[in-house]
Every structure is written in structure tokens, then in C-alpha cells.
Amino acid sequence: MAATLGVPLYACGGGTIPLLQQWLLSGMSMGSASAFMLTGPATKITNLGALKIVLGVRHFVYYLAFVIVFAMGTGWAVNHFLW
């Protein structure tokens, strides 16, 4: 859920730290926090605009799907192997 929330709710890495601190204090897992932190910079609106032009629509959709799947996988790995 955090990975998919990070796509439309872009905030820079420094801007998400206070938000994530509160979420972690409220019970968010470290894996969810890492997934959220991965999707934010990967879906910066200026980068997405350039990628859509360069890659085309089909490959752009693949890129978004890969970012979400990779962030979810990383979050799962953090939860299961590091904590």
C-alpha cells in the first residue's frame, strides 16, 4: 500500500522524513517505509514527463509497474530479512 501511495503523492526525499517519522511512530513497518521512499523519487513528475516522451506510452507503463513491484519487493525483503 505504501508503494502505491508513494506514486501519486510525490514528495522529495527530505520532505518525506517527517511524514515517515510519524507513520513509523504510529506503527508503520520499516518495509512499508522503504517502499514509500523508493517510489517517491522514482516518480518525480518532471522525470515522469521526460520518461514518457523518451520511452513512449507502453514502455512508460512498464516503468511505473516495475517501480511499484520493485518497491513492494524491497519492502517485503526489509520486513522479512532485516527486522
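Shown above is the structure to which this text applies.
What you see as residue numbers is a count from 1 along each chain, following the sequence as written. For a predicted model such as this one, the threshold for reporting local features is a pLDDT of at least 70, and the threshold for listing and counting side-chain atom pairs is 80 or more; totals across whole chains, interfaces and linings nevertheless cover every residue. As a rule here, side-chain values come from all non-hydrogen atoms in the structure, and water together with hydrogens is ignored.

**Focus: the packing of aromatic side chains**
Centres within 6.5 Å make a pair out of two Phe, Tyr or Trp rings, where for Trp the six-membered ring is used; the pair is then stacked when the planes are under 30 degrees apart, edge-to-face when over 60, and tilted otherwise. The full count for this structure, using the stated rule, is three aromatic pairs. On the basis of an interplanar angle of 20 degrees and a centroid distance of 5.9 Å, the ring pair of Phe 66 and Phe 70 is categorised as stacked. Of this pair, Phe 66 and Phe 70 are both found in helix H5 (residues 57–82), four residues apart, which corresponds to roughly one turn of the helix. Accessible area is worked out with a 1.4 Å probe on protein chains only. A residue is then buried under 20% of its type maximum, exposed over 50%, and partly exposed in between. Taking relative accessible area as the criterion, Phe 70 reaches 46% and is therefore assigned partly exposed. The interplanar angle of 90 degrees and the centroid separation of 5.6 Å between the aromatic rings of Trp 76 and Phe 81 together place this pair among those described as edge-to-face. For Trp 76, a relative accessible area of 46% puts it in the partly exposed group. Looking at Phe 81, the relative accessible area reads 62%, which means it is exposed. Under the DSSP-based scheme used, a helix requires at least four consecutive residues in state H or I and a strand at least two consecutive residues in state E, with every element numbered from the N terminus.

**Section: the environment of Gly 49**
Topologically, Gly 49 is positioned in helix H4 (residues 45–55). In sequence terms Gly 49 and Phe 60 are 11 residues apart; their C-alpha atoms lie 9.6 Å from each other.

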